[in-house]
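# Close look at the chain arrangement
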Amino acid sequence: MRLAAIYIKKHFLFSEPQTVNFGGKYFYTIIPRKDRKNEYDITREENTDFIDGFWGEKISLVSAIVGENGTGKTSILREISANYNRAYKTIFFIYEIEDEIKIIDRDVQEEEKPVFFTDFKYDIGYVPSSIEYFNLSVEYSTADINSTISHTHYYNNISTDYYRKLQNQIMFLFSEFGNNLKKNYKDNFPFFDNVTVINKYHIPEEYNDVKINGEKSNITDVYKYAIELYYNDHITFEKNHFFKNLELTILLQKIKVYPHKDNIDAEKYKALKTSKEFSDMLVADSNNDDVFINLSKFLDDFYDRTKNLSDNFTIEDNAIILSSLSEERVVKFIRFLDEIIALLIDKFFFITENPFFDIELYSDKNEEIRFSTGEKRLLDLYSSFYSMSKKNNVQNNGMYKFPIFFLDEPESGYHPQWKKKFIASITKILPKILAEIPFFESVQIIFTTHDPLTLSDIPNSNVVYLKKDGGKTKVLNENEKPKKSFGANIHDLLADSFFISDGLIGDFAKEKIEEIIEWINDEKARKIKNLENYQLDSQSYSYHKKLIGLIDEPVLKMKLAEMIDELADDENLQKELAQKEIDYLKLKYGLE
């Protein structure tokens, strides 16, 4: 089953209704009948480029949406998602299910049902499909889109989101699908063997001795004194320095007197030592339980859970280190972290505004692993797929029989070498991840892109081209759209499919080249006019020679060198550039 086309009745981007075809077995055209409410003529034309099974096992269709900035690529994905999941009335959906056609209008009253006039048979009704929208950017305008893979749909606070993303990434990397991804992106893909949980707000040694109103005091002693004075039955945690640090940190945040090296609130520390109403300093919250009793229970529970975590962990001054990782140990670690974060939020929700623990990853050589932006984006994408496939509401939902994934510039931030791998990788790995869902049969992918390398993997009939037309956006039909995409030359794609005019080099370089040509032409005119008295300005000549030397397009470079040499009545620059090229080729091929 595949979503072959949609009909957008009304949208701020368009001056009139638009039919969008995604490259199914047929191209559809929908035209509303004049002066007839909810009546439409639908015609279709066979897509002669359609090949059933082209994308591989369990991939029904892959399509791309391209266009200039501001044409509304992202807006269209959001609008489709919103219509499908929130039952708006502005879009029709046309599905192809083998030889059957289904037309879906998500939310109309019985008396408002549309009437379609076609030369083919169709049905109106239910399809077991979900639409999932994915955007790596933190855009809260998309938070209300009901998607299980959306990064903004579940954003609550910085802390829980930080841990959720890390957990998803770690879980995915140690799954069989993570291994598949590493094989596809094998060129220097980072890998780690140890996970370290660090108490982010620990008490550094430099704070052990501080001056409060000129009196040297030990912070640990100050808190012990205060606790013993008013809570005699409380015993501070002494089992391990990590937990003692954690206890003090929570207390410091609870009464909001956490020290900073150059800014210690002396009055609060003094009050802490002498106050008869220590409990008054506690931050008011919705939990009325005794903060120290809660803290003691939390730390005991934390320690007990840590003991059960694995045989391969150690506790240092301010860190818990889990080593010799495997999929089983990682699953256990993620559950442990989930439980601890839940306990922190339940008992001490005031500390979750920012991540309370730092989680660092290390290789088996004890080298810290820091993922690049491209690596993070790659992991975010696939770990979101993997996490979605494990959720109960997905596992038990027949709507995920034929899911459709809307991916908004998913390969943004990748190195070009990885962009070349994007389509080949996702069409192989995504169906395997989704096969974990009991009802799953096939998946469809629709994505936006600005990248010619990615687009070169998509047949032209599967590309939706958007273009500005008089301040509004237009969806180009099959006769209007560019003709090249699949396996096409990148230069052709840039010029044609991405609507780039005025050449395929950056505007800054273009301006410099035009500056060279303008200077040469001005000098030529001056030379002709003052032939006998003409003298070339050595400083300007040297400057423009250097500019020409920077140009890496060989034909253009040699032509400009020829032009500037004519001014000097020699061939020095041409010879110099030719010699550089000869020396380079000798070095490259090891020639004497």
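Here's what I pulled together on the structure shown here. (Residues numbered from 1 in each chain as written. Predicted model: local features only at pLDDT ≥ 70, side-chain atom pairs only at ≥ 80, totals over all residues. Heavy atoms only, no water.)

## Considerations on the overall build of the chain
A tally of regular secondary structure across the chain gives 17 helices and 21 strands. The proportion of buried residues among the 592 residues of the chain is 48%. At a minimum sequence separation of 6, the contacts of the chain that also span at least 24 residues come to 68%. When the accessible surface of the chain is split by element, carbon and sulfur atoms take 47% of a total near 30400 Å². (Helix = DSSP H or I, 4+ residues; strand = E, 2+ residues; numbered from the N terminus. Buried < 20%, exposed > 50% of the residue type's maximum accessible area, 1.4 Å probe, protein only. Contact = heavy atoms within 4.5 Å. Areas by Shrake-Rupley, 256 points an atom, 1.4 Å probe, with all protein chains shown as cover.)

## Focus on the packing of helix α14 (residues 507–529) against helix α15 (residues 538–550)
Orientation of α14 relative to α15, taken along the N-to-C sense of each, is 140°, at an axis distance of 10 Å. As judged from the angle between their axes, α14 and α15 are oblique. Helix-helix and strand crossings are classified by hand; for α14 and α15 the assignment is left-handed. Taking contact as the criterion, the partners of Lys512, Glu515, Ile516 and Trp519 in α14 are, on α15, Ser540, Tyr541, Tyr543, His544, Leu547 and Ile548. Grouping the amino acids of the contact of α14 with α15 by side-chain chemistry returns six nonpolar, two polar and two charged. (Axes fitted to C-alpha atoms, helices over the stretch in contact; angles between N-to-C directions. Parallel < 35°, antiparallel > 145°, perpendicular 65-115°, else oblique. Left-handed = near helix turned anticlockwise from the far one by under 90°. Nonpolar A, V, L, I, M, F, W, Y, C, P; charged D, E, K, R; others polar.)

## A few points about the sheet that holds strand β17 (residues 368–369)
One open sheet accounts for five strands, arranged β14-β15-β11-β16-β17; its pairing is antiparallel. If you trace the sheet from one side to the other, it starts and ends with β14 (313–315) and β17, each paired once. (Pairing = 2+ DSSP bridges.)

## Some remarks on the side chain of histidine 544
Within the fold, histidine 544 resides in helix α15. Discounting residues that sit within four places of it in the chain, histidine 544 has contacts with Glu515, Ile516, Trp519 and Ile564.

## Focus: the sheet that holds strand β3 (residues 26–32)
Overall, mixed pairing links the three strands, which are arranged β3-β4-β8 in an open sheet. Each edge of the open sheet is held by one strand with a lone partner, namely β3 and β8 (115–118). Strand-to-strand twist in this sheet, taken as the mean axis angle between neighbours without regard to direction, amounts to 30°. When β3 meets strand β4 (residues 39–46), the two strands line up antiparallel, connected through seven bridges. Note on β4: the bridge partner recorded for proline 32 is tyrosine 40.

## Quick notes on the packing of aromatic side chains
This structure, assessed with the given rule, holds 18 aromatic pairs. With 5.1 Å between their ring centres and 85° between their planes, phenylalanine 92 and phenylalanine 116 make a pair best called edge-to-face. One end of the pair, phenylalanine 92, is in strand β6 (residues 91–97); the other, phenylalanine 116, is in strand β8, with 24 residues separating them in the sequence. Classification of phenylalanine 92 as buried rests on a relative accessible area of 0%. Where phenylalanine 422 meets phenylalanine 447, the ring centres are 6.1 Å apart and the plane angle is 70°; that geometry is what we call edge-to-face. (Phe/Tyr/Trp six-rings, centres within 6.5 Å; stacked < 30°, edge-to-face > 60°.)

## A short note on helix α17 (residues 572–589)
An ideal rise of 1.5 Å per residue puts 26 Å on 18 residues; α17 measures up with 26 Å between its terminal C-alpha atoms. Of the positions making up α17, those classed as buried are Leu573, Gln574 and Leu577. The arc that holds every buried residue of α17, seen down its axis, measures 105°, which confines them to one face. Summarising the geometry of α17, the exposed residues directed more than 90 degrees from the buried face are Lys575 and Leu587. Within two residues after α17, glycine 590 carries a phi angle of roughly 65°, on the positive side. (Expected span 1.5 Å × (residues − 1). Arc of directions from axis to C-beta.)

## Some points on the packing of α14 against helix α16 (residues 554–568)
Interhelical geometry of α14 versus α16 gives an angle of 25° and a closest axis separation of 10 Å. Relative to α16, the element α14 lies roughly parallel. Crossing handedness for the pair α14 and α16: left-handed. Along the contact surface, α14 presents Ile513, Ile516, Ile517, Trp519, Ile520, Asn521, Glu523, Lys524 and Lys527, while α16 presents Leu556, Leu560, Met563, Ile564, Glu566 and Leu567. In terms of residue class, the contact of α14 with α16 is made up of ten nonpolar, one polar and four charged.

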